[in-house]
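# Observations on the model geometry
Each chain is listed here by its residues.
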Amino acid sequence: MEKETTYPNAKSNASANMQRGAANDKIRDLDAERVSHNDTKLTTNQGVGIADDQEIQRAGVRGPALLQDFIFREKVTHFDHERIPERIVHARGTGAHGYFQVYRDMSDLTMAAFLRDPNEKTPVFVRFSTVAGFRGSPDTVRDVRGFAVKFYTKDGNYDLVGNNMPVFFIQDAIKFPDLIHALKPEPNNEIPQAQSAHDTFWDFVSTNQESAHNVMWLMSDRAIPKSYRTMDGFGIHTFKLINASGAVKFVKFHWKSLQGVHSLVWDEAQRIAGKDPDFNRRDLWEAIENGNYPQWELGIQVLDPKDEFKFDFDILDPTKLWPEELIPVQRIGKLTLNRNVTNFFAETEQIAFCPANLVPGIDLTNDPMLQGRLFSYLDTQLSRLGGPNFHEIPINRPVVPVHNNQRDGMHRMTIDEGVSAYYRNALQDGQPHPAQRGESAFASDPAQVEGRVVRNRAESFMDFFTQASLFFNSLSNPERQHIVDAFRFELGKCKHMPVRQAVVDMLNHIDGELSKQVAIGCGATVPATLKPAASKQSSPALSMAHQPNMPKGRKVAVLIDQGFDRKCLDTVCNALTQAGACVEIIAPKQGNVSDAGGKTIMSTQTFETATSVLYDAVFVPCGQGASALLGNGNALHFAVEAFKHCKPVVACGEGVDFLAASGIRGVSLAKAGDKSVVEDQGVLTLRDWGAIQDFAAKTVALVGGERHWERAQTVFGIIA
Ligand code: HDE
């Protein structure tokens, strides 16, 4: 039997509040806090009815405004204070509700309740984010993505505040302000927005070479995810799991996307930043609205403490990952996002994560980054959310009761009863009491700590390049080429040649050939002696190259004009939609478009409102419609751009002539008289109606597949 708790958990919070005392009628539950404004009269914040809030009070219709107009002053004063400080990092983000369910009882490893009961659906809220940009910056910039999960568990709230890359730039929290100051827009002119492609960032990298490994990930395709749904997540730090007998294991947390891991190409990412700055946000919202709920599996890598020193990296070093081939990832549960927010500000903006939000059974390690984060998050919320009571904001409340002797402060919502706000007390019978045996209570691993007070890192943290090289070794050729291209782009944007050169010289420590390729592209000097790759190993799990074929959720643009062939369109589009893909009809005008027989179909986009970078594939059905599109430059550009970005391009009959005219080169297209489907480098064409079923099936397979990188060799540089 499955038990489901929903969030915001009006019932549990109401009962939590009930237990706080007899003044329940004065304490509003969460349902009461969610206000619908349907069929209501307009009031001031004091509840006084307003007949007109559109005209200011004046002395005469052309006279001066009156200071006494409290309706105007209240409205504008509130407006003047509508914004709260944005997050210093991760300001741009989006969130959704869902639930987590563990596959099996993990009691052997942990006493965390949400990891023990496979029948329990634990409510969660997830916020995805970029790091560098301001709150209004575009979604598709090259950046690390935040992957922060709040579990509303029966033991209290647990936050797993991770990223979409398994390592971090620095090894010590005290360097975080330096890293972020270097990454953010430069202080004199506040340029560039949401970009690492500028001098201060790369100056920081070359003078803080512990960043080498994360920088390789930042230059990889992982930094431009196609969708929040198609990225993995990582807790990065090493944590501990503790079971009821106190046995401890080290653990790394992973989120494995069940949508596959997919990225944009850099040119596409830049174009989307202008065409649809909300691209990733919109994608997540629409997927959930359409019932296509994204899912991730929670993975754990478990390490026995006796093996702590068995590896050539330090397990406390957040710039290192644990290769899955050495320590396999066990998939232990599933996260499903199934509900969009009701109010972005109340939920996504006001949610406050903190790596110190732990539950019994999960504990910290001495990772110096993690240790620093434990301070930073609570501290930042104090200024962002305006005081110490932000845990009372609905989205931050646990689903279990809160009882302690903390009182008052800005924006206190709880009306605490009783005369004592201290422990020990006799006046209130010693309540609230410390958790007793049988009641869940947090207990740290009583690990032994010793050492001198120093400001020093362990020698075991000092290898900066082996895993950077391991990552590079593990990638497919296109992925490696993208890294070279990304370095060339980023360094090419740096004004100071010594900065470019210092990075090139740093890359020589990772892989001499990489540094040479980058140097050639960005005008720096190729190092005199090219070093061999710092690692000879590879970890295939780090590559994104082999993802399952999955047409579900892919978006196909269908380009038509008056006189298109209905049977062709229906056959292919029905096959696509049956496989879970979305098709969108694009024509020169929005509204009805007639097929060859005079029947109409609705086009929802035009070549002005839509652009190929917002779709996964393009299909041009046969008929006069395709011939009509031959004279439409925007339509031709649509197809050739999709081709340039290595996406599936599919055409039938006259549609093939349209493709030929669009400028697509270097691939074979079906010729008149060809009986069967012609497939070349992801371009699928058909001339003979007899093969239409095969054509539709192959279209579905192509749409669910990978990009056709083999084209990149010929098209990049040929088509502007
Ligand atoms: Fe964060 N980080 N961080 N961080 N971080 C914040 O907290 C900080 C680090 C991460 O969607 C801030 O509420 C320090 C690693 C995510 O609301 C701030 C250090 C990882 C989010 C902060 C780190 C992260 C944040 C800004 C170095 C991956 C967004 C606003 C020790 C494991 C959470 C806020 C959300 C947000 C500090 C390093 C992930 C300033 C000092 C490593 C996903 O407190």
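This section reports on the structure supplied with the text. Predicted model only: the values in this text are computed from it and were never measured. (Residues numbered from 1 in each chain as written. Predicted model: local features only at pLDDT ≥ 70, side-chain atom pairs only at ≥ 80, totals over all residues. Heavy atoms only, no water.)

## Considering the sheet that holds strand E13 (residues 582-587)
To keep it simple, the criterion reads: When DSSP finds at least two bridges between two strands, those strands are taken to pair. Labels follow the DSSP assignment, with helices taken as runs of H or I lasting at least four residues and strands as runs of E lasting at least two, numbered in each case from the N terminus. Residues count as neighbours in contact if any of their non-hydrogen atoms are within 4.5 Å of one another. Note on method: axes are straight lines fitted to C-alpha atoms, helices fitted across the in-contact stretch only, with angles between N-to-C directions ranging 0 to 180 degrees.
Taken together, the 7 strands give an open sheet; going across it, the order is E16-E13-E12-E17-E18-E20-E19, and neighbouring strands pair in mixed fashion. Each end of this open sheet is capped by a strand with a single partner; those strands are strand E16 (605-606) and strand E19 (678-680). The strands touched by helix H19 (residues 692-703) are strand E12 (555-559), strand E17 (617-620), strand E18 (649-652), E19 and strand E20 (683-686); relative to E20, the strand with the most contacts, the crossing angle is about 170°.

## Re the packing of aromatic side chains
Aromatic ring pairs are reported here in terms of the distance separating the ring centres and the angle at which the planes meet. Condition: Each aromatic pair joins two rings of Phe, Tyr and Trp (for Trp, the six-membered one) with centres within 6.5 Å, and gets the label stacked for planes under 30 degrees apart, edge-to-face for over 60, and tilted for any other angle. Using a 1.4 Å probe on the protein chains alone, a residue whose accessible area is under 20% of its type maximum counts as buried, one over 50% counts as exposed, and one in between counts as partly exposed. We call a charge positioned above a ring when the Lys NZ or Arg CZ atom is no farther than 6 Å from the ring centre and deviates by at most 35 degrees from the ring normal.
For the coordinates displayed, the defined rule picks out 26 aromatic pairs. Consider the rings of Phe311 and Phe313, whose centres lie 5.3 Å apart with planes at 15°: the pair is stacked. Note on accessibility: Phe311 and Phe313 belong to one class, buried. Members of the aromatic cluster, joined through ring pairs, are Phe100, Phe114, Phe128, Phe147, Phe151, Tyr158, Tyr228, Trp255 and Trp296. For the cation-ring pair, Lys555 lies above Tyr615, with the distance from its terminal atom to the ring centre recorded as 5.4 Å.

## Structural notes on the coordination of the iron atom of the ligand
Threshold: Distances up to 2.8 Å from the metal define which N, O and S atoms are donors, and 3.2 Å serves for Na, K and Ca; water is absent from the atom set, so sites may look incomplete.
Here the protein supplies the iron atom of the ligand with just one donor, Tyr377 (OH), and that contact is 1.8 Å long. Turning to its location among the elements, Tyr377 is positioned in helix H10 (residues 368-384).

## Regarding helix H8 (residues 279-289)
So the rule is basically this: The arc in question is the one spanned by the directions pointing from the helix axis to the C-beta atoms.
For H8, every residue scored as buried is listed here: Phe279, Asn280, Asp283, Leu284, Ala287 and Ile288. Along the axis of H8, the buried residues cluster in a sector spanning 160°; they form a single face. On its buried face, H8 is in contact with strand E2 (93-102), strand E3 (120-130), strand E4 (145-153), helix H7 (266-275) and strand E10 (330-340). At the C-terminal side of H8, Gly291 shows a positive phi close to 75°.

## A word on helix H14 (residues 512-522)
Here H14 has its buried residues at Gly512, Leu514, Ser515, Val518, Ala519 and Cys522. Along the axis of H14, the buried residues cluster in a sector spanning 155°; they form a single face. Close packing links the buried residues of H14 with helix H6 (212-218), helix H11 (466-473), helix H12 (477-492) and helix H13 (497-510). Count one or two residues on from H14 and you reach Gly523, which has phi positive near 80°.

## Things to note about the packing of H12 against H14
Cut-off, in case you're wondering: Small angles under 35 degrees read as roughly parallel and large ones over 145 as roughly antiparallel, with 65 to 115 read as roughly perpendicular and the rest as oblique. Helix crossings are classified by the rotation of the near helix relative to the far one: an anticlockwise turn of less than a right angle makes the crossing left-handed, while a clockwise turn makes it right-handed. Three classes are used, and their members are as follows: Ala, Val, Leu, Ile, Met, Phe, Trp, Tyr, Cys and Pro are nonpolar, Asp, Glu, Lys and Arg are charged, and the others, Gly among them, are polar.
Running from amino to carboxyl end, H12 crosses H14 at an angle of 45°, the nearest separation of the two axes being 9 Å. One way to sum up the angle between H12 and H14 is to call them oblique. Our pair here, H12 against H14, has a crossing hand that is right-handed. Residues Ile483, Val484, Phe487, Arg488, Leu491 and Gly492 of H12 form the contact with H14, whose own contacting residues are Leu514, Gln517, Val518, Ile520, Gly521 and Cys522. Grouping the constituent residues of the contact of H12 with H14 by class yields 8 nonpolar, 3 polar and 1 charged.

## Observations regarding the site of the ligand
Stated formally: By convention in this text, a residue qualifies as near a molecule or strand provided that one of its non-hydrogen atoms is within 4 Å of it. Pairs of N or O atoms are called polar contacts if they sit within 3.5 Å, as long as, within protein, a hydrogen donor faces a hydrogen acceptor (for residues adjacent in sequence, only side-chain-to-side-chain pairs).
Of all residues adjacent to the ligand, which total 22 residues, the nearest are Arg87, Arg127, Arg373, Tyr377 and Gln381. Arg127 is positioned with one of its side-chain polar atoms (N or O) 2.6 Å from an oxygen atom of the ligand. Ser376 has a polar side-chain atom sitting 3.1 Å from an oxygen atom of the ligand. Within the residue set of the shell around the ligand, elements represented by two or more residues are E4, strand E5 (156-163) and H10. Of the residues belonging to the shell around the ligand, the class tally is 10 nonpolar, 9 polar and 3 charged.

## Points about the pairing of E20
Of the two faces of E20, the one carrying Val683 and Thr685 and the one carrying Leu684 and Leu686 are both buried. Where E18 and E20 come together, 4 bridges link them in parallel fashion. Residue pairing across strands places Cys652 opposite Leu686, the latter belonging to E20. Looking at chain direction, E19 and E20 are connected through 3 bridges and run antiparallel. Paired with Glu679 across the strands is Leu684, a residue of E20. Joining the antiparallel neighbours E19 and E20 is a turn of 2 residues, in which Gln681 adopts a positive phi near 50°.

## What to know about the layout of surface pockets
Just so we agree on the cut-off: Using a 1 Å grid laid over the protein atoms alone, points where a 1.4 Å probe fits but cannot get out form a cavity; open sets with protein on both sides within 12 Å along at least 5 of 7 lines form a pocket; any residue with an atom within 4 Å of a point counts as lining. Grid points are joined across faces, edges and corners, and a volume is the space filled by probe spheres set on the points.
When its volume is computed, the second largest pocket comes out at roughly 1400 Å³. Considering the residues around the second largest pocket, the lining is formed by 34 residues, among which Asn343, Phe345, Ala346, Gln350 and Pro394 are closest to the centre. Residue assignment for the lining of the second largest pocket shows that the elements contributing at least two residues are helix H2 (30-33) and helix H9 (344-349). It is H9 that contributes the most residues to the lining of the second largest pocket, 3 residues altogether. Of the residues that constitute the lining of the second largest pocket, the class distribution is 13 nonpolar, 10 polar and 11 charged.

## A closer look at the pattern of salt bridges
Applied cut-off: Here a salt bridge means any side-chain nitrogen of Lys or Arg lying within 4 Å of a carboxyl oxygen belonging to Asp or Glu.
Summed over the entire model, instances satisfying the criterion amount to 34 salt bridges. Where Asp159 meets Lys150, a salt bridge forms, and the shortest distance between an N and an O atom there is 3.0 Å. Accessibility expressed as a relative area gives 3% for Asp159, which makes it buried. Given a relative accessible area of 1%, Lys150 falls into the buried group. Note that Asp694 is salt-bridged to Lys698, the shortest N-O span being 3.0 Å. Taken as a pair, Asp694 and Lys698 lie in helix H19 at a separation of 4 residues, close to a single helical turn. Residues participating in the shared-partner salt-bridge network are Asp267, Arg271, Glu641 and Lys644.

## Description of the nonpolar core
To keep it simple, the criterion reads: Buried Ala, Val, Leu, Ile, Met, Phe, Trp, Tyr and Cys residues that are joined via side-chain atoms within 4.5 Å together make up what is termed a nonpolar core.
In this structure, Phe169, Phe201, Trp202, Met216, Ile483 and Phe487 are the most contacted members of the largest nonpolar core, which totals 53 residues. Considering each element in turn, this core owes the most residues, 6 residues, to H13. With 36 residues, the next largest nonpolar core counts Leu115, Phe147, Tyr228 and Trp255 among its residues.

## Comments concerning the pairing of E18
Judged by which residues are buried, E18 turns out to be covered on both faces: Val649 and Ala651 on one side and Val650 and Cys652 on the other are all buried. Two strands pair when backbone bridges link them, and E17 and E18 are joined in this way by 3 bridges, in the parallel orientation. Bridge assignment links Phe619 to a residue of E18, and that residue is Val650.

## Observations regarding the environment of Glu439
For Glu439, the location among the structural elements is in the loop between H10 and H11. The exposure class assigned to Glu439 is partly exposed, which follows from its relative accessible area of 39%. The spatial distance from the C-alpha of Glu439 to the C-alpha of Val329 is 32 Å, given a sequence separation of 110 residues. Beyond its immediate sequence surroundings of up to four residues, Glu439 is in contact with His433 and Pro434. A distance of 2.7 Å separates the side chain of Glu439 from the backbone nitrogen of Gln436, its partner in a polar contact.

## Describing unusual backbone geometry
Across the junction of Ile191 and Pro192, the peptide omega takes the value 0°, indicating a cis bond. Notably, Ile236 is not glycine yet its phi reads approximately 65°, a positive angle. One can find Ile236 in the loop between strand E6 (233-234) and strand E7 (239-242). Residue classification places Ile236 among the buried residues on the basis of a relative accessible area of 7%. Of note, Cys646 is a non-glycine position whose phi angle comes to about 65°, a positive value. Turning to its location among the elements, Cys646 is positioned in the loop between helix H17 (633-644) and E18. According to the relative accessible area criterion, Cys646 is buried, its value standing at 0%.

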